[in-house]
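# Understanding the architecture of this molecule
Residue strings, one per chain:
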Amino acid sequence: MKFGFFDDNEKEYVITTPKTPLPWINYLGSNDFFSLYSNTSGGYSFYKDAKLLRLTRYRYNNIPTDNGGKYFYINENGTIWNPGWQPVKAELDSYECRHGLGYSKITSSKNQLEASVTAFVPLNDNCEINQLILTNHSNEKKTFSLFSYIEFCLWNAVDDMTNFQRNLSIGEVEVEDSVIYHKTEYRERRNHYAYFSANEKPDGFDTSRDAFLGSYRGIDHPQVVEQNTSSNSIASGWSPIASHYFNLTLEPGESKGIVFVLGYIENKEEEKWESPGIINKAPAKTVIERYFTDEKVTTALHELKEYWKHLLSNYSVESKEPKLNRMVNIWNQYQCMVTFNMSRSASYFESGTGRGMGFRDSCQDLLGFVHLIPDRARERILDIASTQFEDGSAYHQYQPLTKKGNLDIGSGFNDDPLWLIACVSAYIKETGDFSILAELVPFDNDKTNSATLFEHLKRSLNYTITHLGPHKLPLIGRADWNDCLNLNCFSKEPGESFQTTGPSEGPIAESVFIAGMFVKYGKEYASICHELGDYDEEKRALLAVDEMYDAVLQSGWDGDWFLRAYDAASEKVGSKECSEGQIFIEPQGFCVLAGIGVKEGLAQKALDSVKERLDTKYGIMLLQPAYTKYYLNLGEISSYPPGYKENAGIFCHNNPWVSIAETVIGRGDRAFEIYKKTCPAYLEDISEIHRTEPYVYSQMIAGADAAFHGEAKNSWLTGTAAWTFVNVSQFILGIKPDYKGLIVDPCVPSNFGNYTVKRVFRDAEYFITVKNLDSVQKGVKKIIVDGVEIEGNLIPFEEGKTTYQVTVFMG
Ligand code: BGC
């Protein structure tokens, strides 16, 4: 069943009922100011950091769900409704929500009064605009009231929901003209405030939540709205809100627009206060003025759309698969940008107060957005690398505002260091910018202790080399990519967190997955050394890679697939000798994509085992058979009920690894089949089963053992976005950036037909037509660049040349 449709021309997903299975959200914001915005106008806003600078409140785990946002209430002769349906939930005569790239537009109507709200964060200001347009479609004059409503958060979202003994006494606001200022904390010489403005003088306002709602009432029936007049309350402590009240009249056919701006101001040092204790309102007024008319708002929205059009033109495909086209050209890349902005901090499944930026997460996310915003990717790499320790290990997470490592979580996830090599090599291949390697980057954010980025990479590599276990495989530490495989977690007591217990090193548990990573990224590191002309270091790295390759074949192969690990007692994990958890997806995907076992014929065997044992119609499960009880030697993974999350859920993140692995051995049919299984656009028709948004990837889909097989969770903030984009753009469609140019090496289903790709690479435009006249799955027989046949399949990048016309003949 569908709850909407794709409008590819407008690059929008159009939701046609507010009653979606779960809130279907969008992200507004490109730089520092962000909002989460659902199809019923729920959500919240923050500046830079969803934990530390939260502007509006949001109650997770709420009932009814998604109850809190930026609301407009309309009261026409006692009939009260919201354009986004929530929170009043009055039946609407029509409803539509268009989630576009960085903006959302909800249009609905009741009794021939139409309300349309367009919400977006303009490109260059720290604010969210809500442009409301009301139209009277009836033949009668209409008189009605309009109330806006937002609830302020007292900045630190954790403190806001815990420290009531203080917080209920600190709220302060100020109202001047049509602007409501939220000033809480300005007394302690903070330099920031928020405001909510309207571009028209209201007939009243409220800033006290209690006054607006009335005692024992919820936001679904506020007293002020029912009484049809505001109370002009000035909040003092308790819960500050901002609500404007307008008494409006529209003639038949008449439309009226009102622009609301929710903004954040951080005064510069020199303009902190007009005088102590008084906020400087001038910067807010400047921003409000910039969006003071409908025309100005339309222009700002147009600029935002152009920005996205430009970004997405860096990679686009035309094939005979419309669902593939729309995912590659629009939604997959869009999601990659959202993961760039959010990492794992704020979604409807991540509270914004827990996990900030993940070291491994952000490194992987970068693989999906480096072609969109290389400059910001560069900056991100340097931020991430600054949280690395001298021995090459790294903080597992850091806070976006401070960019400092999270001390509570610390380090000890032994895959982390290698992901740095992954993202740096992707960045250099995309941009050709080797200068990043010479940048001085601190260890542990300590500027007095820095080394070049290249040295950081070397330490990453060395960390694995110096942390090998009895089988010469990498020690897993607290966990590897699979956070929940805690093989050294003997000491967990009830109530303790898995990830913060157990020694961070050893004693001896080893990971075949990290071994696969080492082979892949050790080779990447070696190729960087090669490009730099550091042949001794290249040789050293390749030698270590060879040794690791041999160790995997020797101790990491289980007969029909790759083993997952050895636990702290050196017992096998992910082996046919195990009673449960006999085969895991991660080493099959990663070892094969790293090239392990290809020439020995093991790769195909491993991937056939994946198909036979882990595949379902909704995607490939993480392991089988699922763990039915808790195993002390395995940790959190076995704490999940069978079929969920890491315990045999379909973890979408590593499905593309298997798809890539299939391309490595040339099986395009299977690679694409895997791609389609978890691809949102292909799941749109089963939205009632899948439940999360059909335009973005979710982290997990319930596996075959789960009660609700096929149901997805944790949409938006997942490495799936980046890896799927890498898979489809570089391995299936086969356009791979490399140091010296673009490599073309498609691996597609035999009936895929011809297709074209437009790729912007280092400011040059490549127009690539791939012809598959022989209906093969892999293989390039001839490439013609600007009328001339080239040797091999690398299209060399030539400085100064701006366009390349390329025809590729598969066969
Ligand atoms: C984390 C990833 C991790 C994955 C598998 C996700 O929630 O963000 O870092 O690799 O789970 O455990």
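For the structure, check the block above.
Residues numbered from 1 in each chain as written. Predicted model: local features only at pLDDT ≥ 70, side-chain atom pairs only at ≥ 80, totals over all residues. Heavy atoms only, no water.

## A look at the overall build of the protein chain
A count of helices and strands for the protein chain gives 20 helices and 44 strands. The globule rule puts the C-alpha radius of gyration for 811 residues at 28 Å, and the 28 Å found for the protein chain is close to it. In terms of principal-axis extent, the alpha carbons of the protein chain reach across some 80 × 60 × 55 Å. The proportion of buried residues among the 811 residues of the protein chain is 64%. Here the analysis covers contacts within the protein chain between residues at least 6 apart in sequence; of these, 68% occur between residues at least 24 apart. (Helix = DSSP H or I, 4+ residues; strand = E, 2+ residues; numbered from the N terminus. Rg over C-alpha atoms; globule rule 2.2 N^0.38 Å. Buried < 20%, exposed > 50% of the residue type's maximum accessible area, 1.4 Å probe, protein only. Contact = heavy atoms within 4.5 Å.)

## Let's talk about the packing of aromatic side chains
For the structure shown, the criterion picks out 52 aromatic pairs. Geometrically, the ring pair formed by Trp 331 and Tyr 334 is edge-to-face, given 5.8 Å between the ring centres and 80° between the ring planes. Within this pair, Trp 331 and its partner Tyr 334 are both found in helix H7 (residues 322-342), separated by three residues, close to a single helical turn. The burial state of Trp 331 is the same as that of Tyr 334; both residues are buried. Ring geometry for Phe 389 versus Tyr 395: centroids 4.6 Å apart, planes at 45°, classification tilted. Accessibility assignment for this pair places Phe 389 and Tyr 395 in one class, buried. Taken together, the ring pairs connect Phe 3, Phe 6, Tyr 13, Trp 24, Tyr 27, Tyr 307, Trp 308, Trp 331, Tyr 334, Tyr 695 and Trp 716 into an aromatic cluster. Its guanidinium or amino end placed over the ring of Tyr 44, Arg 54 lies 4.0 Å from that ring's centre, counting from NZ or CZ. In this structure, Lys 89 is placed above the aromatic ring of Trp 85, and the distance from its NZ or CZ to the ring centre is 6.0 Å. (Phe/Tyr/Trp six-rings, centres within 6.5 Å; stacked < 30°, edge-to-face > 60°. Lys NZ or Arg CZ within 6 Å of the ring centre and 35° of its normal.)

## Some thoughts on the site of the ligand
The ligand sits among Arg 344, Arg 355, Arg 360, Asp 361, Trp 481, Asn 482, Asp 483, Glu 646, Phe 651 and Gln 699. A distance of 2.8 Å separates an oxygen atom of the ligand from a polar atom in the side chain of Gln 699. Residues that form the shell around the ligand fall into these classes: two nonpolar, two polar and six charged. (Near = heavy atom within 4 Å. Polar contact = N/O pair within 3.5 Å; in protein donor to acceptor, adjacent residues only side chain to side chain. Nonpolar A, V, L, I, M, F, W, Y, C, P; charged D, E, K, R; others polar.)

## A closer look at the environment of Asn 167
Here Asn 167 shows up in helix H2 (residues 164-167). Since its relative accessible area comes to 2%, Asn 167 is described here as buried. Each C-alpha atom, one on Asn 167 and one on Gly 263, is 22 Å from the other, the two residues being 96 residues apart in sequence. In this structure Asn 167 touches Leu 154, Asp 159, Asp 160 and Trp 238, once residues within four positions along its chain are discounted. At 2.8 Å, the side chain of Asn 167 forms a polar contact with the backbone oxygen of Asp 159.

## Focus: the pairing of strand E38 (residues 741-744)
Bridge count for strand E37 (residues 735-738) against E38 is four bridges, and the pairing is antiparallel. Paired with Asp 738 across the strands is Gly 741, a residue of E38. From the end of E37 to the start of E38, which pair antiparallel, there are two residues. One ladder, built from three bridges, connects E38 with strand E43 (residues 794-796); its direction is antiparallel. Looking across to E43, one finds that Ile 743 is bridged to Leu 794. (Pairing = 2+ DSSP bridges.)

## Comments concerning the nonpolar core
In this structure, Leu 146, Tyr 195, Trp 419 and Tyr 675 are the most contacted members of the largest nonpolar core, which totals 234 residues. It is helix H12 (residues 512-532) that contributes the most residues to this core, 12 residues altogether. Of all hydrophobic cores here, the second largest spans 12 residues; its members include Tyr 71, Tyr 149, Phe 212 and Ile 241. (Core = buried A, V, L, I, M, F, W, Y, C linked by side-chain atoms within 4.5 Å.)

## Looking at helix H20 (residues 720-732)
Counted at 1.5 Å a residue, the expected span for H20 with its 13 residues is 18 Å, but the 16 Å between its end C-alpha atoms falls short. Counted residue by residue, H20 has 13 buried out of 13 residues, so it is predominantly covered. Residue Gly 734 follows H20 closely and has a positive phi angle near 80°. (Expected span 1.5 Å × (residues − 1).)

## Considering the packing of helix H6 (residues 294-312) against H7
H7 packs onto H6 with a crossing angle of 100° between their chain directions and a minimal axis gap of 10 Å. With respect to H7, the axis of H6 lies roughly perpendicular. Touching Tyr 307, Trp 308, Leu 311 and Leu 312 of H6 are Asn 329, Ile 330, Gln 333, Tyr 334 and Met 337, all from H7. (Axes fitted to C-alpha atoms, helices over the stretch in contact; angles between N-to-C directions. Parallel < 35°, antiparallel > 145°, perpendicular 65-115°, else oblique.)

## What about the side chain of Glu 510?
Residue placement: Glu 510 occurs in strand E27 (residues 510-511). It turns out Glu 510 is buried and unbridged, and the closest side chain with the opposite charge, Lys 472, is 8.2 Å from it. When residues no more than four places from it in sequence are discounted, the contact partners of Glu 510 are Gly 469, Pro 470, His 471, Lys 472, Leu 473, Pro 474, Leu 475, Ile 476, Leu 487, Ala 565 and Tyr 566. (Lys, Arg positive; Asp, Glu negative; His and termini not counted. Salt bridge = Lys/Arg side-chain N within 4 Å of Asp/Glu carboxyl O.)

## What to know about unusual backbone geometry
Omega for the peptide link from Ile 63 to Pro 64 comes to -10°, which places this bond in the cis form. Here Pro 64 lies in the loop between strand E6 (54-56) and strand E7 (71-76). With an omega of -5°, the peptide bond between Gln 86 and Pro 87 qualifies as cis. As for its placement among the helices and strands, Pro 87 is situated in the loop between strand E8 (79-81) and strand E9 (94-99). At Asn 714, a position not held by glycine, the phi torsion is positive, near 60°. Following the sequence through the fold, Asn 714 ends up in strand E36 (residues 712-715).

## Overview of a nonpolar patch on the surface
Side chains of Val 158, Met 161 and Phe 164 sit close together on the surface and give an oily, nonpolar patch of about 250 Å² of accessible area. Within the secondary structure, Val 158 is located in helix H1 (residues 157-160). (Patch = residues over 30% accessible without salt bridge, like charges linked within 9 Å, V, L, I, M, F, W, Y side chains within 5 Å. Areas by Shrake-Rupley, 256 points an atom, 1.4 Å probe, with all protein chains shown as cover.)

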